[in-house]
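# Per-entry structural report
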Amino acid sequence: MTSSTYTLYYAPGAASLAVHWLLLELGVQFHAIQLDLQAGEHKRPDYLAINPAGLVPTLLVDGKAQSECAALLLLLAERHPASALAPALDDPARGDYLQWTLHLANTLQPAFRTWFYPHEAAGAAHADAAREASRARIEGCWDRLDTWMAQRSYMLGEHLSAVDFLATMLMRWSRNMPKPATEWPHLVAYVQRMKQRPSFAELYAREGLSEWA
Ligand SMILES: N[C@@H](CCC(=O)N[C@@H](CS)C(=O)NCC(=O)O)C(=O)O
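Keep in mind the model is a prediction, meaning the values are calculated, not measured. (Residues numbered from 1 in each chain as written. Predicted model: local features only at pLDDT ≥ 70, side-chain atom pairs only at ≥ 80, totals over all residues. Heavy atoms only, no water.)

### Considering the overall build of the chain
- The helix and strand inventory of the chain stands at 9 helices and 4 strands.
- Secondary structure of the chain in N-to-C order comes out as β-α-β-α-β-β-α-α-α-α-α-α-α.
- Relative to the globule expectation of 17 Å for 213 residues, the C-alpha radius of gyration of the chain, 17 Å, shows essentially globular dimensions.
- Counting all 213 residues of the chain, 50% fall into the buried class.
- For the chain, the proportion of contacts with a sequence separation of at least 24, taken over those separated by at least 6, is 65%.
- Taken as a whole, the chain presents about 10,300 Å² of accessible surface, with 52% of it coming from carbon and sulfur.
- If you average the places of the 18 positive and of the 22 negative side-chain charges in the chain, the two averages end up 2 Å apart. (Helix = DSSP H or I, 4+ residues; strand = E, 2+ residues; numbered from the N terminus. Rg over C-alpha atoms; globule rule 2.2 N^0.38 Å. Buried < 20%, exposed > 50% of the residue type's maximum accessible area, 1.4 Å probe, protein only. Contact = heavy atoms within 4.5 Å. Areas by Shrake-Rupley, 256 points an atom, 1.4 Å probe, with all protein chains shown as cover. Lys, Arg positive; Asp, Glu negative; His and termini not counted. Charge placed at Lys NZ, Arg CZ, Asp CG, Glu CD.)

Next comes the structure, spelled out in structure tokens:
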């Protein structure tokens, strides 16, 4: 699908990171527009017109606005089947692919939201308790993922897929937590493997990132 046009709205290190990384991994052409979240650029009317939730990422696909990081990863992998980053409909790995993508997006990612914005979940007066509860949920997920990765090089086995970009992005988010994902033996090996991809270095250069390099 070489004729697609893509425009990614992103903020460095945010939930747009996995989408940015996958676009680079795919080697497709895209425009990238950086938003300054501190300055509230994601809450301005022109951005709200394409993403009413006022969140990053947004990806314009042939001019049509789409959002939700995990959905964008699934969509891009499907639109570029030559990349083999999405298991085919009859591939036995497809169940694991969907299971982990949904689990990461609807269980782990919201726990991170509470970790970073604990007042949202329980009000300022209960922020510490909310944060601690989210920490337990995040670490529980690392326990489960570490067991899963003990027998695998990538989330689906020996074959890279779109869910690996989501998993690694979320592991990165834990880097300043009391017990980051890289404290788990199979997760640190996995992260090292993912970080060796040339697209990771390119992502870091483009987003101006250096921490967790
Ligand atoms: N479910 C959304 C969540 C996106 C999200 O929470 N993005 C954060 C950055 S990591 C954001 O835009 N935060 C700005 C804000 O909440 O005002 C997705 O996966 O795309």
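That was the structure; now back to the text.
### Digging into the nonpolar core
- If you look at the biggest cluster of nonpolar residues, it comprises 63 residues, and the most contacted ones within it are Leu23, Leu104, Trp142, Leu145, Met155, Leu170 and Met171.
- Those residues in contact with Leu145 that lie beyond four places of it in its chain are Trp100, Leu104, Met155, Met171 and Leu187. (Core = buried A, V, L, I, M, F, W, Y, C linked by side-chain atoms within 4.5 Å.)

### Description of the site of the ligand
- The environment of the ligand is made up of Ala14, Ala15, His42, Lys43, Leu55, Val56, Pro57, Glu68, Cys69, Gln109, Arg113 and Tyr117.
- Contact between the ligand and Val56: an oxygen atom at 2.9 Å from a main-chain N or O atom of the residue.
- With the chains in place, 82% of the 510 Å² that the ligand exposes on its own is no longer accessible.
- Classifying every residue of the shell around the ligand gives 7 nonpolar, 2 polar and 3 charged. (Near = heavy atom within 4 Å. Polar contact = N/O pair within 3.5 Å; in protein donor to acceptor, adjacent residues only side chain to side chain. Nonpolar A, V, L, I, M, F, W, Y, C, P; charged D, E, K, R; others polar.)

### Brief notes about the packing of helix 4 (residues 94-116) against helix 7 (residues 163-173)
- Where helix 4 meets helix 7, the axes come as close as 10 Å, and the angle between the chain directions of the two elements is 20 degrees. Considered as vectors, helix 4 and helix 7 are oriented roughly parallel to each other. As for how helix 4 packs across helix 7, the hand of that crossing is left-handed. Together, Tyr97, Trp100, Thr101, Leu104, Ala105, Leu108, Gln109, Phe112 and Phe116 of helix 4 and Val163, Leu166, Ala167, Leu170 and Trp173 of helix 7 make up the contact between the two elements.
- The residue makeup of the contact of helix 4 with helix 7, split by class, is 12 nonpolar, 2 polar and no charged. (Axes fitted to C-alpha atoms, helices over the stretch in contact; angles between N-to-C directions. Parallel < 35°, antiparallel > 145°, perpendicular 65-115°, else oblique. Left-handed = near helix turned anticlockwise from the far one by under 90°.)

### Some points on the environment of Gly63
- Considering the arrangement of structural elements, one finds Gly63 in the loop between strand 3 (58-61) and strand 4 (64-67).
- For Gly63, a relative accessible area of 58% puts it in the exposed group.
- Separated by 58 residues in sequence, Gly63 and Thr5 have C-alpha atoms that sit 7.4 Å apart.

### Observations regarding the pattern of salt bridges
- Taken as a whole and judged by the stated rule, the model has 10 salt bridges.
- With a shortest N-O distance of 3.8 Å, Arg44 and Glu41 are connected by a salt bridge.
- What makes Arg44 partly exposed here is its relative accessible area of 40%. (Salt bridge = Lys/Arg side-chain N within 4 Å of Asp/Glu carboxyl O.)

### Focus: the packing of aromatic side chains
- On inspection of all chains with the given rule, the structure shows 9 aromatic pairs.
- Pairing Trp100 with Trp148 gives two aromatic rings, centres 5.4 Å apart and planes at 55 degrees, and the pair type is tilted. Within this pair, whereas Trp100 is found in helix 4, its partner Trp148 is found in helix 6 (residues 127-149), the two being separated by 48 residues in sequence.
- By relative accessible area, Trp148 is classed as buried at 18%.
- Counting every residue linked through ring pairs, the aromatic cluster contains Trp21, Phe165, Phe200 and Tyr204.
- Above the plane of the ring of Trp115 lies Arg131, whose end atom (NZ or CZ) is 3.9 Å from the centre.
- Across from the ring centre of Trp212, 4.6 Å away, lies the NZ or CZ of Lys195, which sits over that ring. (Phe/Tyr/Trp six-rings, centres within 6.5 Å; stacked < 30°, edge-to-face > 60°. Lys NZ or Arg CZ within 6 Å of the ring centre and 35° of its normal.)

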